[in-house]
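Notes for the structure review
Okay, here's what each chain looks like letter by letter:
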Amino acid sequence: MLMLKKKGYQKSRLFISPANPLSCELIMDPFRRVFQLTIVYLQLVVSFPREVCDMRFIAFGDWGGLPDPPYVTIVQKATADEMGRVAQSTGTDFIINVGDNFYYRGVNDVNDFRFKETFENIFTAPSLANIPWYILAGNHDHLGNVSAQVAYSVVSKRWNFPNLYYELDFKVPNISVSVTILMIDTVVICGNTYEANQPYGPENPQLAREQLQWIQEKLAHSRSDYLIVAGHYPVWSIGQHGPTPCLVAQLRPLLKQYNVTAYISGHDHSLQFIREGEGIAYIVSGSGSFVDSSTINRAKVPSDWLRFYNAEISALGGFVLIRITAEQMFASYRQPYGMVVFQTALPRRTF
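To start, this report covers the structure provided alongside it. Along each chain, numbering runs from 1 in the same order as the chain's sequence is written. With the structure being a predicted model, the display of local features is reserved for residues of pLDDT at least 70 and the display and counting of side-chain atom pairs for 80 or more, all residues being used for whole-chain, interface and lining totals. For the side-chain quantities, the full set of heavy atoms in the structure was used; hydrogens and water were omitted.

A closer look at the packing of aromatic side chains
- Stacked, tilted and edge-to-face are the three classes applied to pairs of Phe, Tyr and Trp rings, where Trp contributes its six-membered ring and a pair requires centres within 6.5 Å; stacked means planes under 30 degrees apart, edge-to-face means over 60, and tilted covers the rest. What the rule picks out here adds up to 33 aromatic pairs.
- Where Tyr 103 meets Phe 290, the ring centres are 5.2 Å apart and the plane angle is 65°; that geometry is what we call edge-to-face. Residue Tyr 103 is found in the loop between strand 4 (94–97) and helix 3 (114–120), and its partner Phe 290 is found in the loop between strand 12 (281–285) and strand 13 (306–310); the two are separated by 187 residues along the sequence.
- Residue burial is assigned from relative accessible area. The probe radius is 1.4 Å, only protein chains are included, and a residue is buried under 20% of its type maximum, exposed over 50%, and partly exposed in between. With a relative accessible area of 1%, Tyr 103 lands in the buried category.
- Assessed through its relative accessible area of 22%, Phe 290 is described here as partly exposed. Think of it this way: any DSSP run of H or I at least four residues long counts as a helix, any run of E at least two long counts as a strand, and we number them from the N terminus.

In structure tokens, the structure reads:
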């Protein structure tokens with residue numbers, strides 16, 4: 001069971017109905033009973049092959065489909081299907097979405113048809129239907145009506161976007177592990193890119209300063225066992241956009257100073273794992289709708305920091321499955337058709 005502080009969120013693990021063979025009386029012959037119990041056991045293993053003392057979530061971004069029919073890409077559909085399979089087979093408590101939710105210019109209002117065509121009608125697996133999605137905005141979302149995306153939280157039971165930046169606090173029962181995720185708006189901090197490769201600078205410097213101050217205060221006061229920050233623009237990336245100088249200068253020092261476990265981002269349409277020695281991990285998970293194989297900015301990231309990179313169009317996108325236990329945070333990079341292409345582990349914070 002996973003509990004979200006303040007919202008009282010919890011997810012039950014298992015329910016066995018009265019009709020389940022586990023509740024059958026001992027009236028069947030021994031062979032049939034052994035057979036029935038074996039089937040039930042296998043069903044439980046397949047559906048819930050997880051420890052109860054952990055937390056799992058999927059992190060991905062840049063899944064915003066297309067503005068014209070069919071409003072979805074092949075990559076997005078394949079990624080959505082694989083997310084459903086993984087959530088069914090391993091269990092997933094929630095989704096962290098790192099922006100660019102609707103290509104190419106966001107949505108117009110809370111009734112925009114894109115909510116249905118690019119979100120509700122695509123991520124349809126039963127295993128994804130009743131778990132929370134925690135949303136933040138990317139540069140393409142800011143070209144439209146971001147307030148409408150915030151307002152859609154009232155319309156959809158799984159869409160959670162309370163503000164442009166906000167805090168999530170979780171407790172994992174039985175092992176006394178705490179997890180904090182700061183969902184931030186890097187477009188407010190750095191500005192939009194429009195047609196350029198890098199953001200132009202904040203359109204409202206005061207709002208940018210206020211958010212950076214909020215981030216610093218939250219990081220400074222956090223005593224969580226795992227501390228994660230999620231934003232749209234990457235700090236480090238070897239892809240088409242590369243490192244974001246604004247974040248390297250203003251966010252990275254805070255991540256280092258306050259011993260952040262990982263920074264999760266998208267923007268570049270690839271899967272990457274970058275780690276500064278034994279310090280902060282940078283997870284890029286931006287291939288939710290498109291795949292871009294560019295490594296044009298490889299020279300801007302120290303070679304020994306880059307641990308993994310994948311942007312094969314034939315793999316049709318992907319995402320990162322995060323599992324948090326008492327001792328470690330595991331990151332498993334998944335792609336359609338059951339491919340696990342990279343796995344790594346990060347330690348619990350120490351004070």
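Next, the rest of the story.
With respect to the environment of Ser 222
- Structurally, Ser 222 is set in the loop between helix 7 (205–221) and strand 9 (226–230).
- A contact between two residues is defined here by any heavy atoms of the two lying within 4.5 Å. Residue contacts for Ser 222: discarding those within four places in its chain leaves Thr 180, Leu 227, Arg 349 and Phe 351.

Brief notes about unusual backbone geometry
- The step from Pro 69 to Pro 70 runs through a cis peptide bond, and the omega angle for that step is 10°.
- Along the chain, the position of Pro 70 falls in the loop between strand 3 (55–60) and helix 2 (74–90).
- The residue after Tyr 103, namely Tyr 104, is reached through a cis peptide bond having omega 0°.
- With respect to the helices and strands, Tyr 104 occurs in the loop between strand 4 and helix 3.
- If you check the backbone angles, Leu 316 has positive phi at about 60° while not being a glycine.
- Relative to the elements of secondary structure, Leu 316 occurs in the loop between strand 13 and strand 14 (319–324).
- You will see that Tyr 337, though not glycine, has its phi angle at about 70°, which is positive.
- On the secondary structure map, Tyr 337 appears in the loop between strand 15 (328–335) and strand 16 (339–347).

Some thoughts on the nonpolar core
- For our purposes a nonpolar core is just a set of buried Ala, Val, Leu, Ile, Met, Phe, Trp, Tyr and Cys residues, chained together by side-chain atoms within 4.5 Å. Among the nonpolar cores identified, the biggest contains 63 residues, and Phe 57, Ile 96, Phe 123, Ile 181, Ile 283 and Ile 324 are the most heavily contacted of them.
- The contacts of Ile 96, once residues within four sequence positions are left out, are Phe 57, Ile 58, Ala 59, Phe 60, Tyr 134, Leu 168, Ile 181, Met 183 and Ala 230.
- Grouped together as the second largest cluster of nonpolar side chains are 31 residues, Ile 184, Ile 238, Tyr 263 and Ala 311 included.

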